[in-house]
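One-letter residues, chain by chain:
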Amino acid sequence: PPLAFVGATADTTTIAPGETLALYLDWEARRAVAEDYTLFVQLIGPDGKVWGQYDTPAGWTGHYTSAWRPGERVSLPWSVPLQPDAPPGQYRLLIGMYRHTPGGVERIPLGYPSGDGTEGWVAEVQVP
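Residues numbered from 1 in each chain as written. Predicted model: local features only at pLDDT ≥ 70, side-chain atom pairs only at ≥ 80, totals over all residues. Heavy atoms only, no water.

Our next topic: the pairing of strand β7 (residues 73-81). Remember that side chains alternate between the two faces of the sheet whenever the strand is regular. The alternating pattern of β7 places Val 74, Leu 76, Trp 78 and Val 80 on a buried face, while none of Arg 73, Ser 75, Pro 77, Ser 79 and Pro 81, on the opposite face, is buried. Inspection of the sheet shows strand β2 (residues 20-29) paired to β7 by nine bridges, in the antiparallel sense. Each residue of the ladder has a partner; that of Asp 26, found in β7, is Ser 75. (Buried < 20%, exposed > 50% of the residue type's maximum accessible area, 1.4 Å probe, protein only. Helix = DSSP H or I, 4+ residues; strand = E, 2+ residues; numbered from the N terminus. Pairing = 2+ DSSP bridges.)

Take a look at the structure:
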């Protein structure tokens, strides 16, 4: 895959319902890509449901994925709001990227520490 996830760093390992998880997502460009991809981050609860999600173009103004150069490392600040009625328990953070196509969206294969795929589990947080 042209892009690889390197790591995630969160401000905390515990988040209360209704709060926002702030974190940094670190990426490495293995080779150039011609498009700007959208990054999604989901908080998946102990019941397997999505209780928080944030999707937006990966990067920042003027430096989206099409501008990343081979060998470049990019650290993206990200935040994911957790729904106010989220149940307590252990939550997992799922990330991935996609591109818009005439038929909808297409997930992008990426490199993850656990192997290549279109999404990856990257962290866990506790909801009291």
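Moving on, we come to the pattern of salt bridges. This structure, assessed with the given rule, holds four salt bridges. Put simply, Glu 35 and Arg 99 hold a salt bridge, and the shortest N to O gap is 3.4 Å. With Glu 35 in the loop between β2 and β3 (38-44) and Arg 99 in strand β8 (residues 89-101), this residue pair connects regions lying 64 residues apart in the sequence. For Arg 107, the salt bridge goes to Glu 119, with nearest N and O atoms at 2.4 Å. Linking Arg 107 in strand β9 (residues 104-107) with Glu 119 in the loop between β9 and β10 (120-127), this pair joins segments that are twelve residues apart in sequence. Arg 107 gets classed as partly exposed once you look at its relative accessible area, which sits at 36%. (Salt bridge = Lys/Arg side-chain N within 4 Å of Asp/Glu carboxyl O.)

A word on the confidence of the model for the protein. A residue-level look at the protein finds 100% of positions with pLDDT of 70 or above and a mean pLDDT of 96. When mean pLDDT is compared element by element in the protein, β3 scores highest at 98, while strand β5 (residues 59-60) scores lowest at 87. (pLDDT = per-residue confidence, 0-100.)

To continue, consider the packing of aromatic side chains. Throughout the structure, instances matching the rule amount to four aromatic pairs. Ring centres of Phe 5 and Trp 27 lie 5.3 Å apart, and the angle between their planes is 75°; this geometry places the pair in the edge-to-face category. Of this pair, Phe 5 sits in strand β1 (residues 3-10) while Trp 27 sits in strand β2, and the two are 22 residues apart along the sequence. Taken as a pair, Phe 5 and Trp 27 share a single burial class, namely buried. Among the aromatic side chains, those forming a connected cluster through ring pairs are Phe 5, Trp 27 and Tyr 112. One cation-aromatic arrangement involves Arg 92 over Trp 121; the distance from NZ or CZ to the ring centre is 3.6 Å. (Phe/Tyr/Trp six-rings, centres within 6.5 Å; stacked < 30°, edge-to-face > 60°. Lys NZ or Arg CZ within 6 Å of the ring centre and 35° of its normal.)

Another aspect to go through is the pairing of β2. Burial of β2 is one-sided: the residues Leu 21, Leu 23, Leu 25, Trp 27 and Ala 29 facing one way are buried, the residues Thr 20, Ala 22, Tyr 24, Asp 26 and Glu 28 facing the other way are not. The pairing of β1 with β2 spans seven bridges and is antiparallel. Across the sheet, the residue bridging to Ala 4 is Glu 28, located in β2.

The subject of this paragraph is the environment of Glu 35. Judged by relative accessible area, Glu 35 falls into the partly exposed class, the value being 30%. A polar contact of 3.4 Å, which involves the side chain of Glu 35, links it to the side chain of Arg 99. (Polar contact = N/O pair within 3.5 Å; in protein donor to acceptor, adjacent residues only side chain to side chain.)

All right, on to the environment of Ala 4 then. The topology assignment puts Ala 4 in strand β1. A sequence separation of 27 residues divides Ala 4 from Arg 31, and the C-alpha atoms of the two residues are 9.9 Å apart. Setting aside residues up to four positions removed in sequence, Ala 4 forms contacts with Asp 26, Trp 27, Glu 28, Arg 30 and Gly 111. (Contact = heavy atoms within 4.5 Å.)

Counting residues in each nonpolar core, the largest one holds 32 residues, and the members touching the most others are Trp 27, Leu 39, Trp 68 and Met 97. Secondary structure elements with two or more residues in this core: β1, β2, β3, β7, β8 and β10. Dropping the residues within four chain positions of it, Trp 68 is found in contact with Leu 3, Trp 27, Ala 29, Ala 32, Ala 58, Gly 59, His 63, Val 74, Leu 76 and Met 97. (Core = buried A, V, L, I, M, F, W, Y, C linked by side-chain atoms within 4.5 Å.)

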